[in-house]
Amino acid sequence: MREKVSKARRWVVKIGSALLTADGRGLDRDAMAVWVEQMVALRRAGVELVLVSSGAVAAGMSRLGWNARPSTIHELQAAAAVGQMGLIQAWESSFAEHQLQTAQVLLTHDDLSDRKRYLNARSTLRTLVDLGVIPVINENDTVVTDEIRFGDNDTLAALVANLVEADLLVILTDRDGMFDADPRHNPDAQLIFEARADDPSLDAVAGGTGGALGRGGMQTKLRAARLAARSGANTIIVGGRIERVLDRLKAGERLGTLLTPERGRHAARKQWLAGHLQMRGTLSLDGGAVRALLEQRKSLLPVGVVAVDGNFRRGEMVVCLGPDGREVARGLVNYSAADAQRIIGLGTEAIEQELGYIDEPELVHRDNLVLV
Ligand SMILES: Nc1ncnc2c1ncn2[C@@H]1O[C@H](COP(=O)(O)OP(=O)(O)O)[C@@H](O)[C@H]1O
Ligand SMILES: N[C@@H](CCC(=O)OP(=O)(O)O)C(=O)O
């Protein structure tokens, strides 16, 4: 029984081109319907779900009547733009059969390294998930080219797992998992059931690149698992064609390869925030706010803040100090220093009146807060 998987509450499911496109003959809608059924069941079992779907280039190739993957980047981008329409339509209509709404979200790696965009993307995804909508994410191939050149949505999926603080990243692919040698060339290759994501011996086994449609191979999946581990997520690399694969993972069955983070979720998250972001300012809290954070694990509301220092923007990291001047927490702030200055001491209902808008009622959401 794999409790790390069966108990995971927030999943990012990534489906690669190799699986989605029935080996190049357009989108495999039947297979998509089967995954959708399982994702609907996960959702109904209370799992929060974000889908990262590749397949735009492959779907576009088929719509444009191209048999071979184009070699120029601009043709790949054009194919992705055409194919993304079909891809999103297919997901939308399939989820709609189960009365679930979908949303298209196109992201780039740069979006996720810019603090402000990071927080904006995070808020949007969180809102969509709270509304019961399934976000369907792909790379925005019109404005970036590295990813379609390398065919690597695995990294994007890992960054999304960091973004939404997923407990689990499930990478569905065309093999049953990660083998101890590339199974295309080694018929005796054995499936690796479990390893630590940072295990250096995995580099050698994930050496080869991918198939004709997807391109990243196991290397990018291993890298993705390591990235996901930074925010404490477990990663499963598993065969998307295995019967009822998602249902069975949820039931705790030992399928595919489980790659675990080297440290616990909280410790990983804390180190990630600390290493990922520079501290840009401080918020001084009153005693009540400190208690709310430390004892009740609540978000920080403006009402409990007595002073703002520094010149931070929305999305940057601030340190929270107690009345004795000692650090109690650090986290990503939802308002710029100037706006924070205006709303400290105010109740939630007064924020909009003061600023003319409201981003979030919290100054720092508890998901973005690491207690010291
Ligand atoms: N150690 C390994 N274990 C399993 N598959 C491997 C390994 N090394 C390379 N591969 C190759 O990686 C391919 C999957 O990667 P890729 O084609 O990028 O898929 P996707 O489109 O699902 O991301 C497999 O078909 C397999 O041939
Ligand atoms: N974003 C592009 C390329 C991504 C891609 O090929 O990734 P993958 O198949 O997951 O390794 C697409 O949707 O076709």
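Residues numbered from 1 in each chain as written. Chains lettered and ligands numbered in written order. Predicted model: local features only at pLDDT ≥ 70, side-chain atom pairs only at ≥ 80, totals over all residues. Heavy atoms only, no water.

- Naming follows an unreviewed UniProt entry, where the chain appears as Glutamate 5-kinase of Geopseudomonas sagittaria.
- Listed under Function (unreviewed entry) in UniProt, the entry text for the chain is "Catalyzes the transfer of a phosphate group to glutamate to form L-glutamate 5-phosphate."
- What the UniProt record of the chain gives under Sequence similarities (unreviewed entry) is the line "Belongs to the glutamate 5-kinase family." (UniProt positions renumbered as here; feature names shortened; annotations may be inferred.)

### Quick notes on helix H14 (residues 287-294)
For an α-helix, 3.6 residues make a turn, and residues three or four places apart therefore share a direction.
Logical step 1: Turning to H14, its buried residues number three or more, namely Ala289, Val290, Ala292 and Leu293. Taken down its axis, H14 places every buried residue within 160° of arc, on the same side.
Logical step 2: Packed against the buried residues of H14 are strand E9 (279-285), strand E12 (327-332) and strand E13 (369-371).
Logical step 3: You can read the cap of H14 off the contacts: a side-chain oxygen lies 3.2 Å from the backbone nitrogen of Gly288, and it is on Asp286. (Buried < 20%, exposed > 50% of the residue type's maximum accessible area, 1.4 Å probe, protein only. Helix = DSSP H or I, 4+ residues; strand = E, 2+ residues; numbered from the N terminus. Arc of directions from axis to C-beta. Contact = heavy atoms within 4.5 Å. Polar contact = N/O pair within 3.5 Å; in protein donor to acceptor, adjacent residues only side chain to side chain.)

### What to know about the side chain of Ser123
Logical step 1: Secondary-structure assignment places Ser123 in helix H7 (residues 115-130).
Logical step 2: When its relative accessible area of 12% is taken as the criterion, Ser123 is described as buried.
Logical step 3: Apart from the residues lying within four places of it in its own chain, the contact partners of Ser123 are Arg314 and Glu360.

### Regarding the sheet that holds strand E4 (residues 134-139)
Logical step 1: The strand order E3-E4-E2-E1-E5-E7-E8-E6 describes an open sheet built from 8 strands, whose pairing is mixed. The sheet is open, and its two borders are formed by strand E3 (102-107) and strand E6 (194-196), each paired with just one other strand. Within this sheet the neighbouring strands show an average axis-to-axis angle of 20°, counted without direction.
Logical step 2: Packed on one face of the sheet, helix H5 (residues 73-96) meets strand E1 (10-15), strand E2 (48-53), E3 and E4 and runs near 150° to E3. (Pairing = 2+ DSSP bridges. Axes fitted to C-alpha atoms, helices over the stretch in contact; angles between N-to-C directions.)

### A few points about the nonpolar core
Logical step 1: Among the nonpolar cores identified, the biggest contains 47 residues, and Val12, Ile137, Met178 and Leu259 are the most heavily contacted of them.
Logical step 2: Going through the elements one at a time, E2, E3, H7, helix H9 (153-163), strand E5 (168-173), helix H10 (201-205) and helix H11 (217-230) are the ones with two or more residues in this core.
Logical step 3: Setting aside anything within four residues of it in sequence, one finds Met178 in contact with Gln190, Leu191, Ile192, Leu202, Val205, Ala206, Met218, Leu222, Ile237, Thr257 and Leu259.
Logical step 4: With 45 residues, the next largest nonpolar core counts Trp35, Trp91, Leu100 and Leu258 among its residues. (Core = buried A, V, L, I, M, F, W, Y, C linked by side-chain atoms within 4.5 Å.)

### Focus on the domain arrangement of the chain
Logical step 1: Split into domains, the chain comes out as domain 1 (1-269) and domain 2 (277-371).
Logical step 2: Using only C-alpha atoms to locate each centre, domain 1 and domain 2 end up separated by 34 Å.
Logical step 3: Taken together, the contact pairs 12 residues of domain 1 with 13 residues of domain 2.
Logical step 4: Here domain 1 packs against domain 2, burying approximately 1,200 Å² in sum over the two surfaces, 50% of which is carbon and sulfur.
Logical step 5: The interface formed by domain 1 and domain 2 includes 1 salt bridge.
Logical step 6: Where domain 1 meets domain 2, there are 3 residue pairs in polar contact (both at pLDDT 80 or more).
Logical step 7: Broken down by secondary-structure element, the contributors of at least two residues to the side of domain 1 that touches domain 2 are H7 and helix H13 (265-276).
Logical step 8: At 8 residues, the largest contribution of residues to the side of domain 1 that touches domain 2 is made by H7.
Logical step 9: Among the residues forming the side of domain 1 that touches domain 2, the class breakdown is 2 nonpolar, 3 polar and 7 charged. (Domains from an automatic or database assignment. Buried area = accessible area lost by both parts, 1.4 Å probe. Salt bridge = Lys/Arg side-chain N within 4 Å of Asp/Glu carboxyl O. Nonpolar A, V, L, I, M, F, W, Y, C, P; charged D, E, K, R; others polar.)

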